[in-house]
Amino acid sequence: VQLVESGGGLVQAGDSLRLSCAASGRSLSTAPMGWFRQAPGKEREFVALIMWSGSATYYADSVKGRFTISRDNAKNTVYLQMNSLKAEDTAVYYCARKVRPGGDIPTNYDYWGQGTQVTVSS
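Residues numbered from 1 in each chain as written. Predicted model: local features only at pLDDT ≥ 70, side-chain atom pairs only at ≥ 80, totals over all residues. Heavy atoms only, no water.

A. Structural context of the sheet that holds strand E7 (residues 67-72). The four strands are arranged E1-E3-E8-E7 in an open sheet whose pairing can be described as antiparallel. Because the sheet does not close on itself, it has two edges, and the strands there are strand E1 (2-6) and E7. Adjacent strand axes in the sheet meet at a mean angle of 15°, parallel and antiparallel pairs treated alike. Direction of pairing for E7 relative to strand E8 (residues 77-82): antiparallel, over a ladder of six bridges. Of the residues in E8, the one forming a bridge with threonine 68 is glutamine 81. (Pairing = 2+ DSSP bridges. Helix = DSSP H or I, 4+ residues; strand = E, 2+ residues; numbered from the N terminus. Axes fitted to C-alpha atoms, helices over the stretch in contact; angles between N-to-C directions.)

Shown next as structure tokens:
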């Protein structure tokens with residue numbers, strides 16, 4: 001499985017971005033998928049998780065109400081809509097496939113993308 005993130009960029013505080021995570025090599029339609037982020041000098045942190053059907057989603061408190069995770073299983077793609085961006089959202093954003101219980105723990109995910117940089121200027 002190969003995951004490729006896209007959609008990052010440099011924006012101003014209050015702006016929006018939509019990240020995409022496209023999978024190839026194997027269908028992800030039955031896999032829960034998550035988004036994480038890592039800022040310089042900090043540990044990788046959980047952002048959002050979506051179950052395989054899209055019926056259940058989970059968010060870190062820091063992004064709840066501003067970010068929305070979604071998926072299109074027909075396109076083998078997961079999205080992260082980010083609104084009302086803040087300077088503290090600046091990080092490299094990664095998507096990953098969840099394989100074990102514990103959606104907020106990076107080691108419970110196996111395949112990871114290379115990341116896409118999001119920079120929010122204040």
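B. A look at the pattern of salt bridges. What the rule picks out here adds up to five salt bridges. Residue lysine 64 is joined to aspartate 61 by a salt bridge in which the shortest nitrogen-to-oxygen separation is 3.1 Å. Aspartate 61 matches lysine 64 in its accessibility class, with the two residues each being exposed. Residues joined in a network through salt bridges with shared partners are Arg37, Glu45, Arg66 and Asp89. (Salt bridge = Lys/Arg side-chain N within 4 Å of Asp/Glu carboxyl O. Buried < 20%, exposed > 50% of the residue type's maximum accessible area, 1.4 Å probe, protein only.)

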